[in-house]
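Examination of the molecular architecture
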Amino acid sequence: MRFTFLRLAPLWATLSASGPLHAAASLLVDDAGTTPEGTCQLETWTRQPASHRELTAVPACTLSGTELSLGLGHLRGEGTVPWALGAKRTLRHWHDERLQLAASIETAGDVRHGDARSWSLNLPVSVALDRQALSAAHFNAGWSRSRHERGITVGAGVEIRIAPTWSLLAEQARDAARQRSSQLGMRRHLRGDASLDLLGGRGHGAAGASWITVGLNLPLSR
């Protein structure tokens, strides 16, 4: 829930103008949580690489145990309007929820073309690192397919509470094209389960692109 709603398409870390919305809102690696039953949440963020700016909003609601999300983005300077539709379900009650497993599916494309251009499956696992579950490690394994590439996607990340209102975020992920990306930053916890993220990221491929991400997560109902 806190990491991203659109998880599995090839990562924006490659910063391709033709790519779909990436897995991860402010983060690249998904966790195994969902929004509470009958409630909604909005994740919105801006990502600033060297060549353009990405603006994205992703509302999501949980009904009958399944979180449904619909994301819409805009890459200023590139002229693309990516969209993504996802569904995610969490399997709970493993060791008092200190260990959680989820399954998600997503299809994505570009508004200009109308049809879906990629789909993906993901299995996120989250492990609480303390009794209060304020700190956690997250692991992803999945499969992504688009018109240009297909393959296994993997990722790992941590969220470490270092103060009552601050958490340290660190992660690394690999997309279907075997491109690795990393992010490191901080999360400010606000009232009512809202949060604000500030992250620096970079790709590890030949291009070596880097970016800054600012993300805001807002609960819409309780």
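Here the structure is a predicted model, which is why all the values come from computation and not from measurement.

1. Regarding the pairing of strand E1 (residues 40-48)
Pairing between E1 and strand E2 (residues 53-63): eight bridges, direction antiparallel. Its bridge partner lying in E2, Leu42 is registered against Pro59.

2. Concerning the pairing of strand E8 (residues 150-163)
Where strand E7 (residues 136-146) and E8 come together, ten bridges link them in antiparallel fashion. The partner of Ser144 across the bridge, within E8, is Gly151. The hairpin formed by E7 and E8 contains three residues between the paired strands. In the sheet, E8 pairs with strand E9 (residues 166-174) via nine bridges, with the strands oriented antiparallel. When the bridges of E9 are listed, Arg161 appears paired with Ser167. Connecting the antiparallel pair E8 and E9 is a turn made up of two residues.

3. Brief notes about the side chain of Asp197
Mapped onto the elements, Asp197 comes out in strand E11 (residues 195-203). With sequence-adjacent residues up to four places away left out, Asp197 is seen in contact with Ser26, Leu169, Met186, Arg187, Thr213, Val214, Gly215 and Asn217.

4. Section: the environment of Gly114
Tracing the backbone shows Gly114 in the loop between strand E5 (99-110) and strand E6 (116-128). Sequence spacing of Gly114 and Trp83 is 31 residues, and the spatial spacing of their C-alpha atoms is 9.5 Å.

5. Remarks on the environment of Glu67
Within the secondary structure layout, Glu67 lies in strand E3 (residues 66-76). Residue classification places Glu67 among the buried residues on the basis of a relative accessible area of 2%. Linking Glu67 and Thr34, residues 33 residues apart in sequence, is a C-alpha distance of 6.2 Å. At a separation of 3.0 Å, a polar atom in the side chain of Glu67 contacts the main-chain amide nitrogen of Thr35.

6. Concerning the state of the cysteines
The tally for this structure, following the rule as stated, stands at one disulfide. With a sulfur-sulfur separation of 1.9 Å, Cys40 is cross-linked through a disulfide to Cys61. As the torsion about the S-S bond is roughly 105 degrees, the Cys40-Cys61 disulfide counts as right-handed. Residue Cys40 is located in strand E1, and its partner Cys61 is located in strand E2; the two are separated by 21 residues in the primary sequence. Residue classification places Cys61 among the partly exposed residues on the basis of a relative accessible area of 26%.

7. Focus on a nonpolar patch on the surface
Among the surface-exposed residues, Ile105, Trp119, Leu121, Trp143, Ile152 and Val154 lie close enough to one another that they form a single nonpolar patch of about 510 Å² accessible area. Broken down by secondary-structure element, the contributors of at least two residues to the nonpolar patch are E6 and E8. The residue Trp119 is located in strand E6 in this model. By relative accessible area, Trp119 is classed as partly exposed at 35%.

So, how was this worked out
Residues numbered from 1 in each chain as written. Predicted model: local features only at pLDDT ≥ 70, side-chain atom pairs only at ≥ 80, totals over all residues. Heavy atoms only, no water. Pairing = 2+ DSSP bridges. Helix = DSSP H or I, 4+ residues; strand = E, 2+ residues; numbered from the N terminus. Contact = heavy atoms within 4.5 Å. Buried < 20%, exposed > 50% of the residue type's maximum accessible area, 1.4 Å probe, protein only. Polar contact = N/O pair within 3.5 Å; in protein donor to acceptor, adjacent residues only side chain to side chain. Disulfide = S-S within 2.5 Å. Patch = residues over 30% accessible without salt bridge, like charges linked within 9 Å, V, L, I, M, F, W, Y side chains within 5 Å. Areas by Shrake-Rupley, 256 points an atom, 1.4 Å probe, with all protein chains shown as cover. Salt bridge = Lys/Arg side-chain N within 4 Å of Asp/Glu carboxyl O.

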